[in-house]
Amino acid sequence: MFNNIEHFLLGSNCVLCTIPSHLGLCRRRDNGHYFGGSGQMCGLFGIVAQNIRASELISPVSLIRSRGPDDVQMMTKDWFALGFTRLAIMSLENGKQPVISSNGDIVLAFNGEIYNFDLLLRQYDIDRQSCEADLLLVLYIRFGSDFTKLIDGDFSIVVLQQSSKSCHLFRDPVGVKPLYYAPLNDGGWAFSSAVSAFFAIPGFSCELDPIVVQERMVLGFWSENRTCFRTIRQCPPGSHVTLSASRPPSIRDAARPLKQSRLLASLDPIGNAVQQTTEYLRAAVAKRVRHSSHFPVVMSLSGGIDSTLMTALAAQDFPSQVSAITIADRPDTDDVKYSALFAAATNMTHFVYNLSIDEFKHNFAAMVLAQGTISSSYSGYQIAKAVRLRWPDAKVLLMGEGADEIFLGYSIFANFREYVSGVNAKLEKVPNEIVESSELLSRVNNWSKLPLTDIWLDLIQLFQRDQLVNSHLLGCDHGPMAHGIECRVPYLDTDLISIAAEIPPRIHSVLQRPKTLLRLALATVLQQHQVLAKQLLARRTSPAFMATNRCRRWLSEFVKAKTSVSRFRHPALHELSLDPAEKFWIGALIVIFQERCGRIDGLSFEDLTSAIFES
């Protein structure tokens, strides 16, 4: 397919007002705008610069092709180029992107889902035949950059405006959908849905960001606006970033602000809080299941509190439209046991996928490439691969990410003094110039001047933004999208987040039991299966990474044995992490991005090992 695209791009210049009709990019409707957009999980790559050649899109877009295997469109103008790959989930027959205004001034491309799509169509009297990108175009024309405040959804949106020669990037308020940007060597900017696309740009810098490395070593995560690469930035959640070929980027808040947790809140007593949590989570699950034309919608089920509650609600409301999947690297794990008990009790279609160490090794380079970050993340990639094997036509996966952050499930929230002491001790070893250059480290460095209650609330906010985005949401997006599957996260529904912020902290964790509300909600939802509910509530906690525990342990032992007879080719790996498996991951990241520019064709695990260690 790329040969045809390359032939087209090199043979003509696809511009706003002269797009060939056979590409289907511009279809005129009676309301005066060109339509053809869609609400899908997709891939975006673009360049804002002077004297752009159409061929500059081909290699970067090829690296994000898995994000949109159903279609690809490209267009260029003298000051921008835009590539779009499409995973069709809604509007299957009528969903080409980008979409263009009738006067040719505005081009819009969109990645994500707009859950209040129908409501907005009615509210603003928009053509019922419109797709989600069509809707966004109309809203942008009417309301300008404030249009995202009307949206209930997960999105990254690119708007290119011909009259001002400016590029506008918008990201949803939680940061579910990724969007990155980076400067070009000869001036201008590039933007993308995935880190890997930047490395197809000739001469692009692959240097790791020393500030991110220090942030991660001190806190365990890093700033929401950074990546592990010095030159690549994220659009912060809820932001509007403006790019111009001749000016530095400007960043400002754009999306609807989320309510923050506070000490005095309104939802009380506990029975009311449980009822509200259950109702809002049910609605969050429902809108994400309904928003698909492909079934089954697959639930990621570990048998823990978060995933079981989410799956139970889906099974009650959509018994014929949802199925569940569990992955494990041993058949005797609690995840397999408890998820199977739940599936049997609720008559749910359930698939258990056993991940072998050989397959883990075989997939390793692809996982690193998909994530493009220094934090190892295995589960999302492996779950989606298993979904693709069991249900080849499935396109939507629901995961329970965010429950621990929003409902205060981490033990760190109860034992935060210990965490803060550890942060202070690590900060003392960080050079002052690094602390001063990092807004995140400067912020936590100020904790010593704050009351404990303020530190606790600030810690919650950091975990609900910076930690959540970089440690979880990027992995939820990039891993599944390597297999053309979209991940949706009901616990991060903005309405549910708002109601959770109204719940007093003492109710979130009663008698030191984390996620008290979700436990009580699960007992209520499974009241017809009381024995099962008691079993599930009594089990040990089950973080998502437990599914690959055996593989992680094997990799740690492998690295320890290797380092007993050899050394890492990059000595800095010793400073980047204390965990052997994580050092290997970061070594693989350096090899794949710095040495191979994102190309892993023919790269075996053995080849990767040889490249990471000295011979």
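This text follows the structure it describes.
Residues numbered from 1 in each chain as written. Predicted model: local features only at pLDDT ≥ 70, side-chain atom pairs only at ≥ 80, totals over all residues. Heavy atoms only, no water.

**Q** Got a minute to help me understand the sheet that holds strand 17 (residues 350-354) in this structure?
**A** Sheet architecture is open: five strands sit in the order 17-16-15-18-19, paired in parallel fashion. Whereas interior strands pair on both sides, the edge strands pair on one side only; in this sheet they are strand 17 and strand 19 (486-488). Recorded for the sheet is a direction-independent mean angle of 30° between the axes of neighbouring strands. Pairing of strand 15 (residues 297-300) with strand 18 (residues 396-398) involves two bridges; the strand directions are parallel. What sits directly across from V298, in strand 18, is L397. In the packing of helix 7 (residues 305-317) onto the sheet, the strands contacted are strand 15, strand 16 (322-328) and strand 18, and the crossing angle to strand 15 comes to about 150°. (Pairing = 2+ DSSP bridges. Helix = DSSP H or I, 4+ residues; strand = E, 2+ residues; numbered from the N terminus. Axes fitted to C-alpha atoms, helices over the stretch in contact; angles between N-to-C directions. Contact = heavy atoms within 4.5 Å.)

**Q** Is there a simple way to think about the nonpolar core in this case?
**A** F364 and L608 are the most contacted members of the largest nonpolar core, which totals 131 residues. Per element, the largest residue contribution to this core is ten residues, and it comes from helix 23 (residues 580-595). Beyond its immediate stretch of four places on either side in the chain, L608 contacts F364, A365, F584, A588, V591, I592 and L603. If you look at the next biggest cluster of nonpolar residues, it comprises 26 residues, including F416, I434, V435 and L441. (Core = buried A, V, L, I, M, F, W, Y, C linked by side-chain atoms within 4.5 Å. Buried < 20%, exposed > 50% of the residue type's maximum accessible area, 1.4 Å probe, protein only.)

**Q** Looking at this model, I keep getting lost on unusual backbone geometry. Mind explaining?
**A** Negative phi is the rule for most residues except glycine; trans is the rule for most peptide bonds. A cis amide bond, omega 10°, links F295 with the succeeding residue P296. Structurally, P296 is set in the loop between helix 6 (270-290) and strand 15. Positive phi, normally seen in glycine, also occurs at N51, with a value near 55°. Among the secondary structure elements, N51 is positioned in the loop between strand 3 (41-48) and helix 2 (58-63). Residue class for N51 comes out exposed when judged on its relative accessible area of 70%. A positive phi angle is found at N347, which is not glycine, with a value near 55°. Along the chain, the position of N347 falls in the loop between helix 8 (334-346) and strand 17.

**Q** How should I be thinking about the sheet that holds strand 14 (residues 247-253) in this particular structure?
**A** Pairing between the strands of a sheet comes from backbone hydrogen bonds, and it takes one of two forms, parallel or antiparallel. Strands sit in the order 6-7-8-9-13-14 across an open sheet of six strands; the sheet is antiparallel. Edge positions in the sheet fall to strand 6 (99-100) and strand 14, since each of these pairs with one other strand and no more. Strand direction decides the pairing type here: strand 9 (residues 166-171) and strand 13 (residues 239-244), joined by four bridges, are antiparallel. Bridging from a neighbouring strand, L169 pairs with V241 of strand 13.

**Q** I tried to follow the pattern of salt bridges on my own but got confused; where do I start?
**A** Opposite charge on two side chains permits pairing when their charged atoms draw close. For the structure shown, the criterion picks out 23 salt bridges. One salt bridge in this structure joins D493 and K287, with 2.9 Å as the shortest N-O distance. Highlighted residues: D493 in the loop between strand 19 and helix 17 (494-501) and K287 in helix 6, separated in sequence by 206 residues. The salt bridge partner of R569 is E595, with a shortest N-O separation of 3.8 Å. Of this pair, R569 sits in the loop between helix 21 (549-563) and helix 22 (573-576) while E595 sits in helix 23; the two residues are 26 residues apart in sequence, bridging distant segments of the chain. For R569, a relative accessible area of 38% translates into the label partly exposed. By relative accessible area, E595 is classed as partly exposed at 38%. One continuous salt-bridge network, built from bridges that share partners, spans E113, K177, E486 and R488. (Salt bridge = Lys/Arg side-chain N within 4 Å of Asp/Glu carboxyl O.)

**Q** When you look at the environment of D71 in this model, what are you seeing that I'm missing?
**A** Relative to the elements of secondary structure, D71 occurs in strand 4 (residues 71-76). Separated by 14 residues in sequence, D71 and T85 have C-alpha atoms that sit 5.6 Å apart.

**Q** Help me out: how do you make sense of the packing of aromatic side chains in this one?
**A** For any two aromatic rings, the description comes down to two numbers: the centre-to-centre distance and the angle of the planes. Scanning all chains against the criterion turns up 32 aromatic pairs. Seen from their ring centres, F199 and F229 are 4.9 Å apart, and the 65° between their planes marks the pair as edge-to-face. You can see F199 sitting in the loop between strand 11 (189-192) and helix 5 (210-219) and its partner F229 sitting in the loop between helix 5 and strand 12 (233-234), a full 30 residues away along the chain. Assessed through its relative accessible area of 4%, F199 is described here as buried. The buried category is assigned to F229, whose relative accessible area is 1%. Aromatic rings pair up to connect F360, F364, Y378, W554, F558, F584, W585 and F605 into one cluster. In this structure, R390 packs its charged tip against the face of F351, placed 6.0 Å from the ring centre. (Phe/Tyr/Trp six-rings, centres within 6.5 Å; stacked < 30°, edge-to-face > 60°. Lys NZ or Arg CZ within 6 Å of the ring centre and 35° of its normal.)

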